[in-house]
Amino acid sequence: MNTPTDPALELDEVTVSYGPAPALENIGGVVGPGEAVALIGPNGAGKSTLIKAILGLVPLVSGRITVLGRTPAQARREVAYVPQADTLDPEFPISVGQVVLMGRYRRIGPLRRPRAADRRAAGDALEQVGLADRARHRFGTLSGGQRQRVLLARAIAAEPGLLLLDEPFNGVDAVSEQALLNAVAVLKGQGTAVVVSTHDLALAHLACEEVCLLNRRQYGFGPTRLTLTPDRLRATYGGHALELRGDRVIVAHS
Amino acid sequence: MTAVGRAIVEAVLLGAVGGLISVRVLLRRLPFFTLAMTHATFPGVVLAAIAGVNLYLGSGVFGVLVVLGVLALSRRPEQGTTTAIGIVLSAGFALGVILLSARDGFAKDLTAYTVGQILTVGTGDLVAVSVVGVIVVVLVTTAGRRLTFRAFDPDGHAAAGYSPAGIDLALLLAVEAVIIVAVPAVGAILAVAVLVAPAAIARLWARDIPMMTAVAVATGAGCGLAGVLVSARYDVAAGGSITVVTGGLFAVSLAATAAWNAVGRRGGSRLARVAPGSTGGERRFRET
Ligand SMILES: Nc1ncnc2c1ncn2[C@@H]1O[C@H](COP(=O)(O)OP(=O)(O)O)[C@@H](O)[C@H]1O
Ligand SMILES: [Mg+2]
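What counts, and at which threshold
- Residues numbered from 1 in each chain as written.
- Chains lettered and ligands numbered in written order.
- Predicted model: local features only at pLDDT ≥ 70, side-chain atom pairs only at ≥ 80, totals over all residues.
- Heavy atoms only, no water.
- Patch = residues over 30% accessible without salt bridge, like charges linked within 9 Å, V, L, I, M, F, W, Y side chains within 5 Å.
- Areas by Shrake-Rupley, 256 points an atom, 1.4 Å probe, with all protein chains shown as cover.
- Salt bridge = Lys/Arg side-chain N within 4 Å of Asp/Glu carboxyl O.
- Helix = DSSP H or I, 4+ residues; strand = E, 2+ residues; numbered from the N terminus.
- Buried < 20%, exposed > 50% of the residue type's maximum accessible area, 1.4 Å probe, protein only.
- Polar contact = N/O pair within 3.5 Å; in protein donor to acceptor, adjacent residues only side chain to side chain.
- Contact = heavy atoms within 4.5 Å.
- UniProt positions renumbered as here; feature names shortened; annotations may be inferred.
- Pairing = 2+ DSSP bridges.

## Description of a nonpolar patch on the surface
Residues and elements named next belong to chain B.
Item 1. Judged by side-chain polarity, V64, L65, L68, L169 and L173 come together as a nonpolar surface patch covering roughly 400 Å² of accessible area.
Item 2. Per-element tally for the nonpolar patch: the top contributor is helix α3 (residues 55-73), with three residues.
Item 3. Summarising the element assignment, L169 is placed in helix α8 (residues 164-205).
Item 4. Looking at L169, the relative accessible area reads 31%, which means it is partly exposed.

## What about the side chain of A:T15?
Residues and elements named next belong to chain A.
Item 1. Here T15 shows up in strand β1 (residues 9-17).
Item 2. One polar contact links the side chain of T15 to the main-chain amide nitrogen of N26, over a distance of 3.2 Å.
Item 3. Excluding residues that lie within four positions of it along the chain, T15 makes contacts with P22, L24, E25, N26, L60, V61 and S62.

## Digging into the UniProt feature "transmembrane region" (unreviewed entry) in chain B
Item 1. Feature annotation in UniProt places "transmembrane region" (unreviewed entry) on residues 7-27, 47-71, 83-102, 114-140, 188-206, 213-234 and 240-263 of chain B, given in this structure's numbering.
Item 2. Between the first and last C-alpha atoms of residues 83-102 of chain B the distance is 29 Å; the span itself is 95% helix and 0% strand.

## Thoughts on the pattern of salt bridges
Item 1. A complete count under the given rule lists eleven salt bridges over all chains for this structure.
Item 2. Here A:D133 ties to A:R134 by a salt bridge, and the two come within 3.8 Å at their closest N and O atoms.
Item 3. Taking relative accessible area as the criterion, A:D133 reaches 58% and is therefore assigned exposed.
Item 4. A salt bridge links B:D168 to B:R28; its shortest N-O distance comes to 3.3 Å. Of the two residues, B:D168 sits in helix α8 while B:R28 sits in the loop between α1 (3-27) and α2 (31-51), which places them 140 residues apart along the sequence.
Item 5. A relative accessible area of 5% places B:R28 in the buried class.

## Describing the pairing of β1(A)
Residue and element names in this part refer to chain A.
Item 1. Inspection of the sheet shows β1 paired to strand β4 (residues 62-67) by five bridges, in the antiparallel sense. The partner of T15 across the bridge, within β4, is S62.
Item 2. Bridge count between β1 and strand β2 (residues 22-31): six bridges; the pairing is antiparallel. Following the sheet pairing, V16 is matched in β2 by L24.
Item 3. Hairpin connection from β1 to β2: four residues lie between these consecutive antiparallel strands.

## Digging into the environment of A:I27
All names here are of chain A.
Item 1. Structurally, I27 can be placed in strand β2.
Item 2. What makes I27 buried here is its relative accessible area of 0%.
Item 3. Spatially, the C-alpha atom of I27 lies 13 Å from that of G41, the residues being 14 residues apart in sequence.

Given below as C-alpha cells:
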C-alpha cells in the first residue's frame, strides 16, 4: 500500500520502443507526493511516450514504473491525464459541464446516473479553473486556453494522486496560463504529484521542483535549479542550433 | 396487417433504430466505414440466400467476419486505411454480384438485395428489426457515456482505463446488426442512408447529443414513413424513395440552417455548424 511518504512516481531504467530503435532509454527518477516534474526536450524527444508509459498505455521493453506504489495499470483510476486541447474536435456537440463530468465516469460506473456528489465535484473543479459560468457552453466555443482549463478541470474532478499534463501551455493566453498554474498549485497543495511536459523553462522554474531533460535518453533528472543549466539544455537539444534567450528555449531548425 | 401496413411498421421501426445508431456513427466519424461495411455485407446476404439458410443468420455470421476484418484493417497505418476500405467496398459488392449472377432471376434478386423490397416483409422481419432495436437501445443507454468519451477524446478514454477495443467492437457489431435488418427494407447498399443521414440532419439542428439523438430518431422514423407512402402512392421502389426523402431533407436542412445562421449572426443565436471534415472526415479507427 501507498503511504503519504512513499513516492508518487518511480521510474526505474525505463526503456520503451515502437520499432527497432528505442524511443526512450534508461529513464529514471522519483517524484514525491505534492511535487511536480517538468519533462523538457525537443519535439520527438519522447515526452508524450513517457506520459503514455506512466499511464500504462505503451509497454516497457525493460525497466519498471511504479505509480502510487502499484503498477501503472493498477493505479490508473488515481491517475488523471490532460491531453492537448487542440487535439480535440471543436465541433463536437458537447458542453463544458459534460466534459468535466467525464472525470467522474470511472466513479459513476456504467449503469448509474451521476450523483449529486459527482455534479458537485465537477462544479467545484470548473470553479477552480475559473470557468464556473461556462458549464452550459459548448466546449468548442471556448478559446484554446479556456479549453485547456476545462480539460484540467476534468482531471481535478477525478481527484487524482498523480496528474499528467502533455504540453498544456502551447498556444495558451496569459490569463489561462495563470489559471492553469493556480489550479495546479492547489492540487499540489493537496498532495497530488504532477508530471508536465513543456518547452517553457520559466514555467519549469516557477511550478516544478524537478525537471527531467529528455531526448530519447535522459540528460538530467533532479532539482530544477541544479538541473536546468545551459550546458545540459544544449546537450538535450543537441543537433539543433539552440539559443537560450531569457527563459525560453529557441530552437532554430536547420 | 396488409403488406403496406407491414411496410410502414418496418420502415418506421428501422428508421428509428437507424436514427439512434447513426448518431454514434457520426460522432465516431464512421460514415465511410459504414458504407464499406454495407458493401462487404452484401455478398453475405447473397451467400445466405444461395445456401438457403435463414437470411439473418447467414448474413449475421458473415457480418461478424466483416466487423473483425474492419477492426483488423483499422489497426493499419492511417494512409492505407482509406484505400483499403475503398477496395473492400468495391470488392465486396463485386463478389455479391458475381455470386448472384450464377443464379437464375439475377436482375430481380440483385434489386432485392441491393435496394430492398419492403412490400414483401413479413412478421419475422418486424421481429428481427425490433430485436436489433432493443440491442441498440441497451447499448446506447448503458454505454452511451463511454461511446461519447471514446469519440470525443480517444487518448483520454484509454487513459481513464477503458478498453478501446471493447467499446469499438460493441459499436461495430451494433452497426452491422442494423445493416443486416435493413436489407429487406432498403437493401444492403442503401442501408447506409438509414445509418448515417438521420444524424447528419440532426447535427445541423441540435446543440447537444441528447437533442441530436431525439431529432435523429424522429427523422429516421419520419423519413421511413414518408418514403413508404411515396413508394405506395407512385408505385416506385421504397428503398429508393426512403433514401431520396432522407437526402432531400438533408439538403433542405443544410440550406435552412445556413440561412438561419446568416440571419442569427446579428441576433446572436446560432445553430450548430457543420464544419467540413469535422463530422464527415474519417479518423483512424483505433488510435494507439
Ligand atoms: N504510436 C507510435 N508509433 C510509432 N512511433 C511513435 C509513436 N508515437 C511516437 N512515436 C515516435 O516516438 C518518438 C517520440 O515521440 P513523442 O513521445 O511523441 O515525442 P514528444 O512528445 O517529445 O514530441 C518520435 O520519434 C515519434 O515519431
Ligand atoms: Mg508530444
